[in-house]
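Spelled out, the chains give:
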Amino acid sequence: MKQDENLIGSEGREQWGSRFGFIMAAAGSAIGLGNIWKFPYIAGNNGGGAFVLVYLVILFSIAVPVLLAEMTIGRHGQKNPVGAFKALAKNQSWKWVGAIGVISGFLILAFYSVVAGWTLSYIAKSVTGSLVGLDPKELEGSFVAVLTGSFEPIFWHLVVMVSTVAIVIGGVQAGIERWSKILMPALFVIIILLVLRSVTLEGAMAGVSFYLKPDFSELTGKGILEALGHSFFTLSLGMGTMITYGSYLSKKEKLPQAVASVALMDTGIALLAGLAIFPAVFAFGLAPDKGPGLVFITLPAVFNQMPLGQLFSSLFFGLLAVAALTSAISMLEVVVAYFVDEQKWSRMKASIFSGAVIFVLGVPAAMANGPLAEFTIFGRNYFDFLDYITATIMLPLGGLLTCIFLGYVWGADKALKEVTNDNTIQFKLASVWIGLLKYLAPVGIILVLAKGLGIFD
Ligand code: TRP
């Protein structure tokens, strides 16, 4: 790889302006609805603390090594996922792994943006006070109305896509990085405020112990696979997001440190989200196992009983919207980077075109729980179908092929040379990393895939 030096900033490719900016952008991608909406309820359904422990072990032994793999491939290739695999592999078929990623980007964002839209709808409801005074039954009705509406979900989906496109048009530094540097610190402040409010309520400790006290009797094989699947989703792995973000990283930055910061922040926010939610839920005697309705039904009921509830409700849904937006940005960037690098489109054209296509793909997802509920693909409504083929099939497949590519095709030597900045920095865990990527991660991912395909349950 003698052309290494020439790759630095090749073709005037944009780079992150600072290490802090890059970390905020990558953490912004990782920290999303997965952390705040999903993690607390799957932990709640799977034995609380026991699940959290298993999740941490899996996250650091399987998902984090894959995160480092993606960033390493990206920084070496200095391209979108399709271009990066083309640049690194002799056999050009590997570019299809990148292509699966780009296609996943279209499909995931189509429904992720719909959920992000629900959070905007809840900001509006909180700020205008339309949830105030509703009892839990009425709050459920109000969530069902958002889900099953025809105009409202499409409207908010449009708002999310327009905002995402507007930020991505700005480019790596002036768009993604600038906004991440504002939005992520805001997210940290809001979540800390919410945790402080929640754990100081009377009766909050019951919620803390529900969430953190390990109850291994509640933990099942299914729960462990759920932890594995979620560890992938939460770090935005399997579709080349981190390849793309890594491709804008300077050759001077230290990849292992960057990966560690992103993983720790992602974990920290997931844990804090549970601490913001469960103590309050217990303090007001509500059920902690409402699953997906936890943040949209149970929490508003909590806010209704809390002093300054309307303020905290607005803050909470603002937090959720920020988390969702910075993740949506990273999904769109994968697609845009592909059109810019491979098809030589302008960033403006690539952003508007991709955003418009994703908006259209998402419209049936916005209607899938309402007017289009009868329309099913393989027994799932359109929304659940998109979720299923991406999060359960395409992302694990992309992650698996990424491990195999790095471990067996591109090779440990070249990868380690990139990770250690040409042997100028130390990476003590080098052999552990390669071992985990070559053996443990593929086995774990194959189990998740097999379960997703219904081979066992
Ligand atoms: N990690 C985000 C979350 O937890 C979701 C996400 C963003 C994502 N970009 C991704 C998931 C790319 C998979 C692939 O909500």
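Nothing here was measured: the structure is a model prediction, and the numbers come from that model. (Residues numbered from 1 in each chain as written. Predicted model: local features only at pLDDT ≥ 70, side-chain atom pairs only at ≥ 80, totals over all residues. Heavy atoms only, no water.)

(A) Molecular detail of the overall build of the protein chain. Scanning the protein chain for helices and strands turns up 17 helices and two strands. The C-alpha radius of gyration of the protein chain comes to 21 Å, within 12% of the 23 Å expected for a compact globule of 457 residues. Each principal axis of the C-alpha distribution contributes one length, and for the protein chain these read about 65 × 45 × 45 Å. Per-residue burial over the protein chain gives 60% buried out of 457 residues. Charged side chains in the protein chain number 29 positive and 27 negative. The centres of these two groups are separated by 9 Å. (Helix = DSSP H or I, 4+ residues; strand = E, 2+ residues; numbered from the N terminus. Rg over C-alpha atoms; globule rule 2.2 N^0.38 Å. Buried < 20%, exposed > 50% of the residue type's maximum accessible area, 1.4 Å probe, protein only. Lys, Arg positive; Asp, Glu negative; His and termini not counted. Charge placed at Lys NZ, Arg CZ, Asp CG, Glu CD.)

(B) Representation of the site of the ligand in the model. In the vicinity of the ligand, 16 residues are found, and the nearest of them are A30, G34, Y112, F233 and S236. Residue T234 places a main-chain N or O atom 3.1 Å away from a nitrogen atom belonging to the ligand. Contact with the protein chains covers 100% of the free accessible surface of the ligand, which is 350 Å². Among the secondary structure elements, those contributing two or more residues to the shell around the ligand are α1 (19–30), α2 (33–45), α10 (221–234) and α14 (309–342). (Near = heavy atom within 4 Å. Polar contact = N/O pair within 3.5 Å; in protein donor to acceptor, adjacent residues only side chain to side chain. Areas by Shrake-Rupley, 256 points an atom, 1.4 Å probe, with all protein chains shown as cover.)

(C) Highlighting a nonpolar patch on the surface. Together, V443, L447, L453, I455 and F456 give the surface a local cluster of nonpolar side chains, amounting to about 470 Å² of exposed area. If you trace the backbone, L447 turns up in helix α17 (residues 430–452). L447 gets classed as partly exposed once you look at its relative accessible area, which sits at 39%. (Patch = residues over 30% accessible without salt bridge, like charges linked within 9 Å, V, L, I, M, F, W, Y side chains within 5 Å. Salt bridge = Lys/Arg side-chain N within 4 Å of Asp/Glu carboxyl O.)

(D) Quick peek at helix α5 (residues 95–128). Compared with an ideal rise of 1.5 Å per residue, which puts 34 residues at 50 Å, α5 spans 49 Å between its outermost C-alpha atoms and is within 8% of the ideal. The largest bend along α5 measures about 25° and falls at L109. Among the 34 residues in α5, 27 count as buried, and that is most of the element. (Expected span 1.5 Å × (residues − 1). Bend = angle between axes of the 7 residues up to and from the residue.)

(E) Just the confidence of the model for the protein chain, in detail. With 97% of its residues at a pLDDT of 70 or more, the protein chain shows a mean pLDDT of 92. Mean pLDDT across the elements of the protein chain bottoms out in strand β1 (residues 376–377) (88) and peaks in helix α11 (residues 241–247) (98). Contacts of residues 1–9 to residues separated by more than four positions or lying in other chains number 11 contacts, the stretch itself having pLDDT below 50. (pLDDT = per-residue confidence, 0-100. Contact = heavy atoms within 4.5 Å.)

(F) Expanded view of the packing of aromatic side chains. Scanning all chains against the criterion turns up 32 aromatic pairs. Between F427 and W433, the aromatic rings sit 6.0 Å apart at their centres with planes inclined by 65°, giving edge-to-face as the arrangement. Among the residues examined, F427 registers a relative accessible area of 17% and is labelled buried. One Lys or Arg, K125, reaches over the ring of Y122 and ends 5.9 Å from the middle of that ring. Lying over the aromatic face of Y388, R380 brings its terminal NZ or CZ to 3.7 Å of the ring centre. (Phe/Tyr/Trp six-rings, centres within 6.5 Å; stacked < 30°, edge-to-face > 60°. Lys NZ or Arg CZ within 6 Å of the ring centre and 35° of its normal.)

(G) The pattern of salt bridges, seen in detail. Throughout the structure, instances matching the rule amount to eight salt bridges. One salt bridge connects D341 with R13, and the closest N-O pair in it is separated by 2.9 Å. With a gap of 328 residues between them, D341 in helix α14 and R13 in the segment before α1 connect regions that are remote in the sequence. There is no split in this pair, since D341 and R13 are both buried. The partner of E418 in a salt bridge is R75, with the nearest N and O atoms 2.8 Å apart. With a gap of 343 residues between them, E418 in helix α16 (residues 382–419) and R75 in helix α3 (residues 49–77) connect regions that are remote in the sequence. Exposure class is identical for E418 and R75. Each is buried.

(H) Seen up close, the side chain of T72. Positionally, T72 belongs in helix α3. Residues in contact with T72, not counting those within four places in the same chain, are L255, W410, A415, E418, V419 and W433.

(I) Structural view of the packing of α3 against helix α12 (residues 255–283). Running from amino to carboxyl end, α3 crosses α12 at an angle of 140°, the nearest separation of the two axes being 10 Å. Between α3 and α12, the interaxial angle falls into the category oblique. The way α3 lies across α12 gives a crossing that is right-handed. Contact residues: α3 offers V52, Y55, L56, L59, F60, V64, L67, L68, M71, T72 and R75, while α12 offers L255, P256, V259, V262, A263, L264, D266, T267 and L271. Broken down by class, the residue content of the contact of α3 with α12 amounts to 16 nonpolar, two polar and two charged. (Axes fitted to C-alpha atoms, helices over the stretch in contact; angles between N-to-C directions. Parallel < 35°, antiparallel > 145°, perpendicular 65-115°, else oblique. Left-handed = near helix turned anticlockwise from the far one by under 90°. Nonpolar A, V, L, I, M, F, W, Y, C, P; charged D, E, K, R; others polar.)

(J) Representation of the packing of helix α15 (residues 347–367) against α16 within the structure. Remark: α15 packs on α16, axes separated minimally by 7 Å, with the N-to-C direction vectors making an angle of 120°. One element, α15, and the other, α16, form an angle in the oblique class. Every residue of α16 that contacts α15 at L361, P364 and A365 is listed here: Y382, F383 and L386. Considering only residue class, the contact of α15 with α16 consists of six nonpolar, no polar and no charged.

(K) Just α15, in detail. Look at α15: 30 Å from first C-alpha to last across 21 residues, which is about the 30 Å you get at 1.5 Å a residue. Within α15, the axis deviates most sharply at L361, by approximately 30°, and proline P364 lies no more than four positions further along. Among the residues of α15, those classed as buried are R347, A350, S351, S354, G355, I358, F359, G362, V363, A365, A366 and M367. Buried residues in α15 make contact with α5, α6 (136–148), α7 (151–169), α8 (172–199), α14 and α16.

(L) Up close: the nonpolar core. Core analysis: the largest hydrophobic core is formed by 169 residues, its most contacted members being W16, F22, W118, F296, F316, L406 and W433. Sort the elements by how many residues they give to this core and α14 lands first, with 20 residues. (Core = buried A, V, L, I, M, F, W, Y, C linked by side-chain atoms within 4.5 Å.)

(M) Structural detail: the environment of G117. Relative to the helices and strands, G117 resides in helix α5. According to the relative accessible area criterion, G117 is buried, its value standing at 1%. In the structure, G117 is positioned 208 residues away from L325 in sequence and 9.7 Å away in space, judged by C-alpha atoms.

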